Structure formats: structure tokens, C-alpha cells
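# Topology and contacts: notes
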Amino acid sequence: MKIAVCIKRTPDSESRFRIAASGAAIDDTGLKFDIDDFAGYAVEAALQINEKAGGGESVVIAIGPDSVQESLRKAMSMGVDRAVHLKADAVPADGIAIAKALAAELQSGGFDLVLFGKHSFDSSSAVVGTATAELLGVPCVTAASELSVTGGTGVARRELEGAAELVSFPLPAVVTIDEGVARPRYPSLKGIMAAKKKPLETKPAQLGAARVTVQKAQLPPERPAGRIIGEGVAAVPELVRLLQTEAKVL
Amino acid sequence: MLDFFNIDSVLSEEERAVRDSVRQFVDEQVLPIIGHAYVEGRFPKEIIPGLGELGVFGANLPEEYGCAGLNNVQYGLIMQELERGDSGVRSFASVQGALAMYPIFAFGSEVQRRTYLSRMAAGEIIGCFGLTEPDYGSNPSGMITMAREQQDGTWVLNGAKMWITNGSTAGIAVVWAKTNGDPSDASIRGFIVPAGTKGFTAKDQKGKLSLRASDTSELVFQDVHLPADSILPQSGGLKSPLMCLTQARYGISWGAIGAAMACFEEALDYSQNRVMFDRAIGGFQIQQVRLADMLTEIVKAQLVSLHLGRLKDAGTFTPQQVSLAKRNNASMATDVAREARRLLGANGILAEYASMRHMANLESVYTYEGTHDVHSLILGQAVTGLNAFK
């Protein structure tokens, strides 16, 4: 099966963030970037589907400046066969503009399956996967926590609030991946060395016009300091009282 | 993770990728279990398959033998990350790679290489290294273990080895013995002795207060018959096992940095969160001096090992330079671990925190693979030209 995985490179979610001088973005200085968590699950899902089938090809695609090549190579060190870097100075905030560049790359690729993370940690818009499916004119399943393919049909499990559903769909299709599919494997040391020799193609990203832009970025308000009510059993009545009257969660 | 001098900027992408992959493995697979394993006094064998899959064993040996073919800086970074978990885990990998796989690679026949190396890289066969004897530690040339060649070319081995990491876990022991009654160290040769060979027993040494998450054993060889092809054909003299130790010591110099980093990070975090006299203790000058000293020594050690790795990759490093790095970094790490433990106050004596575990481990690291004192004498000889051993 020919599978494309579109990944995003995002900062480590446990970083201490600062707002950039522009006031409309995060300051990248000192941040450690990696494949976004959900995109990592998508890479693992692609590898497992082809391993189970005993063959196939997987291609990883990312948009951004040259630094995204490090993440593309990481995906190849996990086992992806080749990479495409769609070069752009920055990743726009408009998911549809991104989707247009991806669709332009994907439409002639003959992919059976195109995988995305269900959303990216840094923008959380969950637009790019669905918009790409629409532009390609193929079915789209979002937030799949399990994914299997038999013949020309895919089956995905989706976790809902208090329930789950199984959906089936014909290929080719776009699926956005939730955690639960499979924990991404560690890049093996041999894989890291092999990734250097795998093909990485660079071409300009044909981004659509960005109609959505970030005007202002803000950090969440500082959490007030915690309060110690007391210790041991003696503190329980006061804790319960405060949870009822002050926090109003009981 | 601590990188005060932005050393990442002089590492290649592949070097950082290797470090990060092992770092993630240690964070997710080692740190959650190692405190318990240490208290229970057991090596966590459950991590062996994962380490094999990752490719850490003999990672700087060539790909044609199933190894990763990494450079020596990458290898060092692996050791750093493993010892950030625990010195016992790093010791396991050091012994497997530098002391069991390396001699088979460097002194073994092509058949021996093909038989063992790829399976050892995968962690399917565990190796140990038998050099030290009960009465011959710093002075291995005095060893009394003896192998005698029989008329049919087979060998009979007699003797005992002590302080052998992985001894009871190992499927094969690389054993160093004098040969054919010759008491000089020029007669020392290496032998591959499979576990289960009649007359070969391995018994764990009990009662350790250091390296508790590591198997340390005594090996006994009583009329052990070995086939002719058990000898490492290219081995010859004490120089052969010493070459292995140079490889392992190089890794130890990096490993000690990892242990020190773990202690520093723990101490730093604690200093920012532990409140005493209504403020974080990190705000007190006495703790800031402590942290500044720890930080400074770690950065210096990082630069020493990195430069040594570059020299090793260039093929120009000397065993004396390795002695300097091992001596400095192991000693530095024992100091950092002790200061971290002190900064943690009473909490610092609990297994829930890592510093005292590292502190106890590092006493072994300070002592093994050439004690701190012996390395002092090696450096003394290197600069004066005068041999303090004779």
C-alpha cells in the first residue's frame, strides 16, 4: 500500500513559552522541536499497516523552512521510505492554505491512504487533514484510534464521549490519527544512520492564500499558588467544605 | 536537559538524534522502574530486548556484524544517557559492547565474529569479561588463571575471576588467562567460554551497597575443557584486555556525566520547589554556590569527553587521555552526586530520589576500570616519564 503521512514539526509541549517580539507568535528561541505527537502516531500507523501487509511504500511530507528536514529524517529513521519537503519560510496559520499545498503534492502521487495527526499541538485547529480530503475529493475519517485496511476498504475506530464507533470507508482516503493507534517506536540507531541515505526531495510549497492570520498571542494567566489546608484526616472536612463552597466542584 | 555551553550546536544532527532516541528510551523505560530494581538488588532484565532493538550494544562496531556503525561521540552520548538512568544499566551496556563484543571483533576469528556479534548486538546473547581476580585487581599482570593447550589443540582452563559484571546473566564469558604454565603477562590470551560449560560456575556477589541494579559475580573455572576454536586468535599479551578497557573507560567518562546530569537536574528542580523559611531554597546563596559548582564541573567534563571522542574518531587518542577523562569525570560525578544529595536534605536519602542511588553507584565507577589512584599514576608517568608502579 502506498501511504503518505503529513507531519508537522512543533515545539516540545513541556517547554516554557514566551511571546515573540511581534506579539503574534511564540518565540522559537531555545525551544526544542520534534514531530508533533499525533503526527508521530500517524507515522507509526503507516509503518504498521505496511509491515502487516508485508510491503508497500510510505512517504512523509512536511511544510516549512529547512529545519523541518530534521523531522522528516526522524520519520525515515523510524522506517518511512522517503520524504518530501515542501519548502516555505513559515507555516501559515490558515489550515486551508496549508491543505492546498499538500493537495497539490498528493493528488498525482497515487496514494491509497493519506494520514495526519488529528490536530497539531501548537495550533489545534484540526483543519488541514479534513480540508486536504475535500480538495482531493476523497473520504475523510477524523480522530481514528484504531485503523486497519483490507483490500480496498479501511476500518477505523473513533472514540466518542462515553462510546466508540467503527466506521468503514473506501480507499483512497484521508484519516486523521488519535493516540491509541500505536505508540510511536523509538528511532533505532541503525535507522538513524540509514535515514541519511534515504531520498529527501525538496520543492517549493504551493500554499494557498492565507485568509486567517494570528493577530495576537497570549500566554495563559499564571496559576495562583496552591494552598495547604492542613494535614491528614483532620483536614478533610475543611477540604470538602472549600471544594463545595469555593471551588464549587462538589 | 542541561546544556549550558550549547554543546548541541557542535553535535551533528545524527549525533543529536542518537542521543535523543536513547534519552527518550531511558525516560520512558528505565527511570520508572530503576529505583525499585535498585532497592530489590536486581538488574532489570526486562529492558534488554528494548535496548537490543534500539541498537545500543556495540553501537560503534561495524554494520556488517549487525551493529549500528556509529562514531565514538554517538557511542559516548549513548553511555551518557544510559547512566543518566543508572550506572548499572550503563555498565551492562559497556560490558556487552566494549568488553565482550569488542574483543570478539578485535581479536576474534571471522567465524567467531559471525557467530556472536549480531546476536549480541540484538541482546540475544549476553557477554561478560573476566579479567580481575580475587587477588589481582589493579595488577592484572599477576593473574593466576591458566589455560593449558592439550595435544589435540583443545584447552583446559583453571582459575577464578571476581567482580564480573553480567557474570551470572551472561551466555558467554570472554575470559583472560595465562597459557601453558608461562607466568609472564605476555602469555595472556582471551577465550570464549559459554555458560553451562562443565566446570564453569558463576555465583552472584551478595551484599553490595553500590551498583545494586547490576549483576556482579564470581566466576570459577575448574578443569574447564574448551574446544580449540574457543581462543581469540589475534589476542596476545596483557595489551589485549587493556585495549578493551580503554574502550570501556572511554564510555565510562561519558557515562559519569550522565549520572552527574541526573543529580544536577534533580537538585535544581528541588531547589526551585522546596520552600524553607518562606522561600525556595534555590534562592539561598549556599545552594546557589552548590549548584554553580556542580554546573561548572559538569560543563568541563562534557567538553573533555566530547573532545576525546573527536580524537578517538580521528584515531589519534591515547590511553593516557582516556585515563584523564575517566579519572576526572568519575571523580566529578561522585562529588556532584554527593552535593545533590545534600541539597535534597532528608529527602535525599530516599530511593524515590535518584541522587543517593547515583552517589552509591559512582563509588564503584570511581573504583572500577582502573581506580582513580591508578589513573593518577598513569598520568604521573605520562608527564614525568617515571613509572610509579616499578
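Residues numbered from 1 in each chain as written. Chains lettered and ligands numbered in written order. Predicted model: local features only at pLDDT ≥ 70, side-chain atom pairs only at ≥ 80, totals over all residues. Heavy atoms only, no water.

Let's shift gears to the overall build of chain B. A count of helical and extended segments in chain B gives ten helices and nine strands. In terms of C-alpha radius of gyration, chain B reaches 21 Å, essentially the compact-globule figure of 21 Å for 390 residues. With the principal axes as the frame, chain B shows a C-alpha extent of 80 × 45 × 40 Å. Relative to its 390 residues, chain B shows a buried fraction of 56%. Expressed as a percentage of contacts within chain B between residues at least 6 apart in sequence, the contacts between residues at least 24 apart total 74%. Accessible area of chain B: about 15900 Å², with a carbon and sulfur share of 54%. With 34 positive and 42 negative side-chain charges, chain B shows a separation of 5 Å between the mean positions of the two kinds. (Helix = DSSP H or I, 4+ residues; strand = E, 2+ residues; numbered from the N terminus. Rg over C-alpha atoms; globule rule 2.2 N^0.38 Å. Buried < 20%, exposed > 50% of the residue type's maximum accessible area, 1.4 Å probe, protein only. Contact = heavy atoms within 4.5 Å. Areas by Shrake-Rupley, 256 points an atom, 1.4 Å probe, with all protein chains shown as cover. Lys, Arg positive; Asp, Glu negative; His and termini not counted. Charge placed at Lys NZ, Arg CZ, Asp CG, Glu CD.)

So, about the overall build of chain A. When helices and strands are counted, chain A shows six helices and eleven strands. For the C-alpha atoms alone, the extent of chain A along its principal axes is close to 65 × 45 × 40 Å. Within chain A, the fraction of its 250 residues that count as buried is 40%. Here the analysis covers contacts within chain A between residues at least 6 apart in sequence; of these, 70% occur between residues at least 24 apart. Counting 28 positive and 30 negative side-chain charges, chain A places the centres of these two groups 3 Å from one another.

In this chain, Leu171 of chain A is followed by Pro172 of chain A through a cis amide linkage whose omega measures -5°. Mapped onto the elements of the fold, Pro172 of chain A is located in the loop between strand E9 (163-170) and strand E10 (173-177). Located in the positive-phi region is Lys248 of chain A, a residue other than glycine, with phi close to 55°. Its relative accessible area of 64% is what places Lys248 of chain A among the exposed residues. One non-glycine residue, Asn166 of chain B, lies in the positive phi region at around 70°. Within the element layout of this structure, Asn166 of chain B appears in the loop between strand E3 (155-165) and strand E4 (172-179).

So, about the confidence of the model for chain B. Averaged over every residue, the pLDDT of chain B is 96; the share at 70 or more is 100%. Across the whole predicted complex the pTM is 0.91, and at the interface the ipTM reaches 0.90. (pLDDT = per-residue confidence, 0-100.)

Pairing of side chains with opposite charge becomes possible as their charged atoms draw close. Using the criterion set out here, one finds 41 salt bridges over all chains in the structure. Its salt-bridge partner being Glu44 of chain A, residue Arg185 of chain A comes within 2.8 Å of it at the nearest N-O pair. Note that Arg185 of chain A is positioned in the loop between E10 and helix H5 (189-195) and Glu44 of chain A in helix H1 (residues 37-53), a separation of 141 residues in sequence. For Arg185 of chain A, a relative accessible area of 26% gives the class partly exposed. Where Lys87 of chain A meets Asp66 of chain A, a salt bridge forms, and the shortest distance between an N and an O atom there is 3.1 Å. Pair noted here: Lys87 of chain A is in strand E5 (residues 82-87) and Asp66 of chain A is in the loop between strand E4 (57-64) and helix H2 (68-78), with a separation of 21 residues, a long-range link. Linked by salt bridges that have partners in common, Arg290, Asp335, Arg338, Glu339 and Arg342 of chain B make up one network. (Salt bridge = Lys/Arg side-chain N within 4 Å of Asp/Glu carboxyl O.)

The subject of this paragraph is the packing of aromatic side chains. Geometrically, a pair of aromatic rings is defined through the distance of the ring centres and the angle of the planes. All names here are of chain B. One pass over the full model with this rule turns up 14 aromatic pairs over all chains. Where Phe277 meets Phe284, the ring centres are 6.2 Å apart and the plane angle is 80°; that geometry is what we call edge-to-face. The exposure class of Phe277 is exposed, given its relative accessible area of 68%. Given a relative accessible area of 23%, Phe284 falls into the partly exposed group. An aromatic cluster is present here, built from Tyr102, Phe107, Phe129 and Trp176 joined pairwise through their rings. The ring centre of Phe284 lies 4.5 Å from the NZ or CZ of Arg279, which sits over that ring. The ring of Tyr250 has Lys312 sitting right over it, with the charged end atom 5.3 Å from the ring centre. (Phe/Tyr/Trp six-rings, centres within 6.5 Å; stacked < 30°, edge-to-face > 60°. Lys NZ or Arg CZ within 6 Å of the ring centre and 35° of its normal.)

Facing the 25 residues of chain B at the interface are 13 residues of chain A. Around 1500 Å² of area is buried between chain B and chain A when both sides are counted, 54% of it from carbon and sulfur atoms. Broken down residue by residue, the surface that chain B buries against chain A is led by Glu13, Glu14 and Leu54 of chain B, which jointly contribute 31%. The tally of links between chain B and chain A comes to four salt bridges. The shortest N-O distance in the salt bridge between Arg183 of chain A and Glu28 of chain B comes to 2.6 Å. For the pair chain B and chain A, the interface holds nine residue pairs in polar contact (both at pLDDT 80 or more). In terms of residues, the side of chain B that touches chain A owes the most to one element, helix H1 (residues 13-40) of chain B, which gives twelve residues. (Buried area = accessible area lost by both parts, 1.4 Å probe. Polar contact = N/O pair within 3.5 Å; in protein donor to acceptor, adjacent residues only side chain to side chain.)

As a further point, take the domain arrangement of chain B. Residues and elements named next belong to chain B. In terms of domains, chain B is made up of domain 1 (7-121), domain 2 (127-230) and domain 3 (239-384). Computed from C-alpha coordinates alone, the two centres of domain 1 and domain 2 are separated by 23 Å. Tallying the contact residues gives 25 residues for domain 1 and 19 residues for domain 2. Surface buried jointly by domain 1 and domain 2 totals about 1700 Å² across both partners, of which 66% is contributed by carbon and sulfur atoms. (Domains from an automatic or database assignment.)

Another aspect to go through is the nonpolar core. Core analysis: the biggest nonpolar cluster contains 89 residues, and Leu189 of chain A together with Ile78, Ile104, Leu157, Trp176 and Val193 of chain B have the highest contact counts within it. Per element, the largest residue contribution to this core is eleven residues, and it comes from helix H4 (residues 87-107) of chain B. Excluding residues within four positions of it along the chain, Leu189 of chain A makes contact with Val18, Val22, Leu54, Gly55, Val56, Ala59, Ala68, Leu70 and Ile78 of chain B. Counting 36 residues, the second largest nonpolar core, distinct from the first, contains Met78, Val80, Leu171 and Val181 of chain A. (Core = buried A, V, L, I, M, F, W, Y, C linked by side-chain atoms within 4.5 Å.)

In this section: the sheet that holds strand E11 (residues 200-204) of chain A. All names here are of chain A. Judged by pairing direction, the sheet is mixed, and its nine strands sit side by side in the order E9-E8-E7-E10-E6-E1-E4-E5-E11 without closing on themselves. Of all strands in the sheet, those bounded by a partner on one side alone are E9 and E11. Going from strand to strand, the sheet's axes swing by 30° on average, the running direction of each strand aside. Two elements, strand E1 (residues 2-6) and E4, share five bridges in a ladder whose sense is parallel. (Pairing = 2+ DSSP bridges. Axes fitted to C-alpha atoms, helices over the stretch in contact; angles between N-to-C directions.)

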